[in-house]
Amino acid sequence: MSTPVKVAVTGAAGQIGYSLLFRIASGSLLGPDTPVQLRLLEITPALKALEGVVMELDDCAFPLLSGVEIGDDANVVFDGANIALLVGARPRSKGMERGDLLEANGAIFKPQGAALNAHAADDIKVLVTGNPANTNALIAKSNAPDIPAERFNALTRLDHNRALAQLAAKTGTTVNDIRHLTIWGNHSATQYPDVFHAEVNGQNASELVDQAWLESTFIPTVQQRGAAIIEARGASSAASAANATVDHMRDWVLGTPEGDWVSMSVPSDGSYGIAEGIITSFPCTTSGGDYSIVQGLEINEFSQARIDASVAELQEEREAVRSLGLVD
Ligand code: NAD
Ligand code: LMR
């Protein structure tokens, strides 16, 4: 067996953590031959609950789990981390303005970015799931100047998976029959699920569904899915969010399937005319632990307007956190 990979998870005693940790420890993240050490960060009042989760991890007797460290100090927990899954975040409470939410999350992601910068391993890869995920990732990235910017990603894989499921149901196929679907933009209600390059069993998806379904059903359903789950469950998506977090990081480390791409929120390099530096969702392929933004796709007018709207929202969020002194 190889040396254990150190996987840090924040918000580890939360809902998503309760699914995520067991998936990581069972080998779903890095495969059946890679041992992992979990390094779990929580706020002090949640450490006792986290101890209970660790007891359950022990009780699973996972062969790949080489150890578990827990704590409330990011400088200790992130020490030597190869992978960081930043899940813990401040949720929006009643009456809270967006600016207050960004400020509250800045108080979490600024020091966590600095702690990763100071203590993580040289090959660290960071994925932010905690909302507002794209801008939280931007804050962490901006406070970690020694870590290459492209190592900071945010999660839009859940949106990608939701779009796959909706398109498969509509076309009477399975998710395995679909390729080249893309989520563009922010993990928010402005995100744009794009089927114009998608193929269902080799046929262009936009020829299989009508424009009215796209505009009135598919796009709003994917955009509002998180809210629909909160409405139904009384709590935000957890198992599916943990699953998507695993999918994103596994593909980043181990590679995307031949002939397909996935949606990843990554720092824009200016591709498709999108403002450089914001962390926004693109179609990406990965290989050897690196990702590339898929280039050269034709973007029609309908798609362009929707991508522009979501990117504009991310630029506004960047301005807001800039004015709070959280990013450069
Ligand atoms: P939760 O409230 O059940 O758990 C969050 C945990 O984070 C809590 O245990 C809390 O104590 C901890 N925490 C808070 N501040 C922390 C800090 N500074 N350091 C370490 N831990 C801290 O929430 P959840 O359901 O697990 O969701 C977590 C986040 O993921 C939320 O922001 C949620 O909106 C987001 N989310 C994102 C997606 C996505 O697709 N990007 C999907 C679902 C949920
Ligand atoms: C989701 O997409 O399920 C979550 O981001 C919703 C939320 O607000 O936590």
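Residues numbered from 1 in each chain as written. Chains lettered and ligands numbered in written order. Predicted model: local features only at pLDDT ≥ 70, side-chain atom pairs only at ≥ 80, totals over all residues. Heavy atoms only, no water.

Engineer: Teacher, can you tell me more about the overall build of the protein here?
Structural biologist: Of regular secondary structure, the protein possesses 10 helices and 14 strands. Compactness check: the protein gives a C-alpha radius of gyration of 19 Å against a globular reference of 20 Å for 328 residues, within 12% of the reference. With the C-alpha coordinates of the protein rotated into their principal frame, the extents come out at 50 × 45 × 40 Å. Here the protein holds 328 residues, and 53% of them are scored as buried. Accessible area for the protein stands at about 13800 Å²; split by element, carbon and sulfur atoms hold 49% of it. Between the averaged position of the 22 positive side-chain charges in the protein and that of its 40 negative side-chain charges there is a distance of 4 Å. (Helix = DSSP H or I, 4+ residues; strand = E, 2+ residues; numbered from the N terminus. Rg over C-alpha atoms; globule rule 2.2 N^0.38 Å. Buried < 20%, exposed > 50% of the residue type's maximum accessible area, 1.4 Å probe, protein only. Areas by Shrake-Rupley, 256 points an atom, 1.4 Å probe, with all protein chains shown as cover. Lys, Arg positive; Asp, Glu negative; His and termini not counted. Charge placed at Lys NZ, Arg CZ, Asp CG, Glu CD.)

Engineer: Sorry if this is basic, but what is going on with the UniProt feature "domain: Lactate/malate dehydrogenase N-terminal" (unreviewed entry) in the protein here?
Structural biologist: Within this numbering scheme, the UniProt entry marks residues 5-148 as carrying the feature "domain: Lactate/malate dehydrogenase N-terminal" (unreviewed entry). In this annotation, residues 5-148 is assigned 43% helix and 19% strand; the end-to-end C-alpha distance for the span is 20 Å. (UniProt positions renumbered as here; feature names shortened; annotations may be inferred.)

Engineer: Would you mind going over the site of ligand 1 with me for this structure?
Structural biologist: By nearness alone, 23 residues border ligand 1, and Gln-15, Ile-16, Glu-42, Thr-129 and Asn-131 come closest of all. Measuring from a nitrogen atom of ligand 1, one finds a backbone N or O atom of Gly-11 at 3.3 Å. Here an oxygen atom of ligand 1 and a side-chain polar atom of His-187 are 3.3 Å apart. Coverage of ligand 1 by the protein chains reaches 82% of its 870 Å² of free accessible surface. Of all the elements in the fold, those that place two or more residues in the shell around ligand 1 are helix H1 (15-26) and helix H4 (98-119). Residue composition of the shell around ligand 1, grouped by class: 11 nonpolar, 11 polar and one charged. (Near = heavy atom within 4 Å. Polar contact = N/O pair within 3.5 Å; in protein donor to acceptor, adjacent residues only side chain to side chain. Nonpolar A, V, L, I, M, F, W, Y, C, P; charged D, E, K, R; others polar.)

Engineer: What should I look at first to understand the nonpolar core in this one?
Structural biologist: Proteins that are soluble and globular tend to have nonpolar side chains buried together. By size, the foremost hydrophobic cluster in this structure holds 71 residues, and its most contacted members are Val-7, Val-9, Leu-38 and Leu-167. Setting aside residues up to four positions removed in sequence, Leu-167 forms contacts with Ile-178, Leu-181, Val-195, Ala-198, Val-200, Ala-205, Val-209, Trp-213 and Phe-218. By size, the runner-up hydrophobic cluster in this structure holds 29 residues, among which are Ala-120, Ala-140, Val-321 and Val-327. (Core = buried A, V, L, I, M, F, W, Y, C linked by side-chain atoms within 4.5 Å. Contact = heavy atoms within 4.5 Å.)

Engineer: In this structure, what is going on with the site of ligand 2? I would like to understand it.
Structural biologist: Taken together, Asn-131, Arg-162, His-187, Gly-226, Ile-230, Ser-236 and Ser-237 make up all the residues around ligand 2. Measuring from an oxygen atom of ligand 2, one finds a side-chain N or O atom of Asn-131 at 2.8 Å. Interatomic distance of 2.7 Å between a side-chain N/O atom of Ser-237 and an oxygen atom of ligand 2. For the shell around ligand 2, a count of residues per class yields one nonpolar, five polar and one charged.

Engineer: I tried to follow the sheet that holds strand S7 (residues 178-179) on my own but got confused; where do I start?
Structural biologist: Strand-to-strand pairing in sheets goes through backbone hydrogen bonds, with the strands running parallel or antiparallel. Spatially, the three strands line up as an open sheet ordered S7-S10-S11, and their pairing is antiparallel. If you trace the sheet from one side to the other, it starts and ends with S7 and strand S11 (203-204), each paired once. Judged from the two bridges that link them, strand S10 (residues 199-200) and S11 form a sheet pairing that is antiparallel. Directly across from Val-200, in S11, lies its bridge partner Gln-203. (Pairing = 2+ DSSP bridges.)

Engineer: Sorry if this is basic, but what is going on with the UniProt feature "binding site: NAD(+)" (unreviewed entry) in the protein here?
Structural biologist: The feature "binding site: NAD(+)" (unreviewed entry), as annotated in UniProt, sits at Gly-11, Ala-12, Ala-13, Gly-14, Gln-15, Ile-16, Gly-17, Asn-105, Gln-112, Thr-129, Gly-130 and Asn-131 in this numbering. Counting through the fold element by element, Ala-12 comes out in the loop between strand S1 (5-10) and H1. Judged by relative accessible area, which is 0%, Ala-12 ranks as buried. Apart from the residues lying within four places of it in its own chain, the contact partners of Gly-130 are Leu-86, Val-87, Ala-89 and Asn-136.

Engineer: I keep staring at the pattern of salt bridges and nothing clicks. Help me out?
Structural biologist: It is possible for side chains of opposite charge to pair when their charged atoms get near one another. A complete count under the given rule lists five salt bridges for this structure. With a shortest N-O distance of 3.7 Å, Asp-159 and Arg-162 are connected by a salt bridge. With a gap of three residues between them, Asp-159 and Arg-162 both fall in helix H6 (residues 157-171), about one helical turn apart. Per residue, the accessibility class of Asp-159 equals that of Arg-162, and both read buried. Residue Asp-247 is joined to Arg-250 by a salt bridge in which the shortest nitrogen-to-oxygen separation is 3.2 Å. Separated by three residues within a single helix, Asp-247 and Arg-250 lie in helix H9 (residues 239-254), roughly one turn from each other. We classify Asp-247 as buried; its relative accessible area is 9%. Residues joined by salt bridges that share partners form a network here, namely Arg-157, Asp-247, Arg-250 and Asp-251. (Salt bridge = Lys/Arg side-chain N within 4 Å of Asp/Glu carboxyl O.)

Engineer: Explain the pairing of S1 here, please?
Structural biologist: Note on strand geometry: in a regular strand, side chains alternate between the two faces of the sheet. Among the six residues of S1, five are classified as buried, and the element is accordingly described as predominantly covered. Across six bridges, S1 lies against strand S2 (residues 36-41) in parallel orientation. Within the sheet, the bridge partner assigned to Thr-10 lies in S2 and is Leu-41. Considered for its hand, the β-α-β crossover made up of S1, H1 and S2 is right-handed. Examined bridge by bridge, S1 and strand S4 (residues 83-86) share four bridges and lie parallel to one another. Among the inter-strand pairings, Val-7 is bridged to a residue of S4, identified as Ile-83. (Right-handed = clockwise from strand over helix to strand, strands pointing away.)

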